[in-house]
Amino acid sequence: PRTFFSSVSAPPAQQVDVFPSIVIHSTLNAQINDNNGLQPQGSFAEAQAAFLNPPKETIRSLLGQLLKHNIGIVAHYYMDVAL
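Each value, and the rule that gives it
- Residues numbered from 1 in each chain as written.
- Predicted model: local features only at pLDDT ≥ 70, side-chain atom pairs only at ≥ 80, totals over all residues.
- Heavy atoms only, no water.
- pLDDT = per-residue confidence, 0-100.
- Helix = DSSP H or I, 4+ residues; strand = E, 2+ residues; numbered from the N terminus.
- Expected span 1.5 Å × (residues − 1).
- Salt bridge = Lys/Arg side-chain N within 4 Å of Asp/Glu carboxyl O.
- Buried < 20%, exposed > 50% of the residue type's maximum accessible area, 1.4 Å probe, protein only.
- Contact = heavy atoms within 4.5 Å.
- Polar contact = N/O pair within 3.5 Å; in protein donor to acceptor, adjacent residues only side chain to side chain.

Participant: How would you explain the confidence of the model for the chain if you had to name every residue and give the values?
Facilitator: Close inspection of predicted coordinates is inappropriate for parts of the model with low pLDDT. Scored by pLDDT, the chain has a mean of 77; 70% of the residues are at 70 or more. Within the chain, the element-level pLDDT minimum falls on helix 1 (residues 27-33), averaging 55, and the maximum on helix 3 (residues 56-69), averaging 94.

Structural data, given as structure tokens:
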């Protein structure tokens, strides 16, 4: 039997140097490196990691508004390579 190998790659506009991912380290490692245990790989992951550590004042303000109006937030994460 003959075996065929295909080398298919993404178009240049969709190619990345680093696969977007967020490496999560232990709490001890996070304290030593002062990065909350997150090590984003690639610009997309860096943007995501920034949302995982919002400014404390933003959290306080949002929480105050949610409690004042007795409402909540439902979030849905969807990853699409076209975004």
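Structure's up, so let's keep going.
Participant: Explain helix 3 to me, using residue names and the numbers behind them.
Facilitator: With 14 residues, helix 3 extends 20 Å between its outermost C-alpha atoms, agreeing within 8% with the 20 Å of an ideal straight helix rising 1.5 Å per residue. With its phi angle positive at about 55°, Asn70 sits one or two positions after the end of helix 3.

Participant: Please give an account of the pattern of salt bridges that cites residues and values.
Facilitator: What the rule picks out here adds up to one salt bridge. Taking the shortest distance from any N to any O, the salt bridge between Glu57 and Arg60 comes out at 3.7 Å. Here Arg60 and Glu57 lie together in helix 3, a separation of three residues that amounts to about one turn. Of the two residues, Glu57 and Arg60, neither departs from the other in class, the shared state being exposed.

Participant: Outline the environment of Asn53, supporting the account with residue identities and numerical values.
Facilitator: Looking at where Asn53 falls in the secondary structure, it is placed in the loop between helix 2 (43-51) and helix 3. For the pair Asn53 and Asn36, spaced 17 residues apart in sequence, the C-alpha separation works out to 8.2 Å.

Participant: Can you tell me about unusual backbone geometry, naming the residues and giving the values?
Facilitator: Of note, Asn70 is a non-glycine position whose phi angle comes to about 55°, a positive value. Within the fold, Asn70 resides in the segment after helix 3.

Participant: Please give an account of the environment of Gln41 that cites residues and values.
Facilitator: Counting through the fold element by element, Gln41 comes out in strand 2 (residues 38-41). Look at Gln41 and you get partly exposed, because its relative accessible area is 24%. When residues no more than four places from it in sequence are discounted, the contact partners of Gln41 are Val18, Phe19, Pro20, Ser21 and Val23. At a separation of 3.5 Å, a polar atom in the side chain of Gln41 contacts the main-chain carbonyl oxygen of Gln39.

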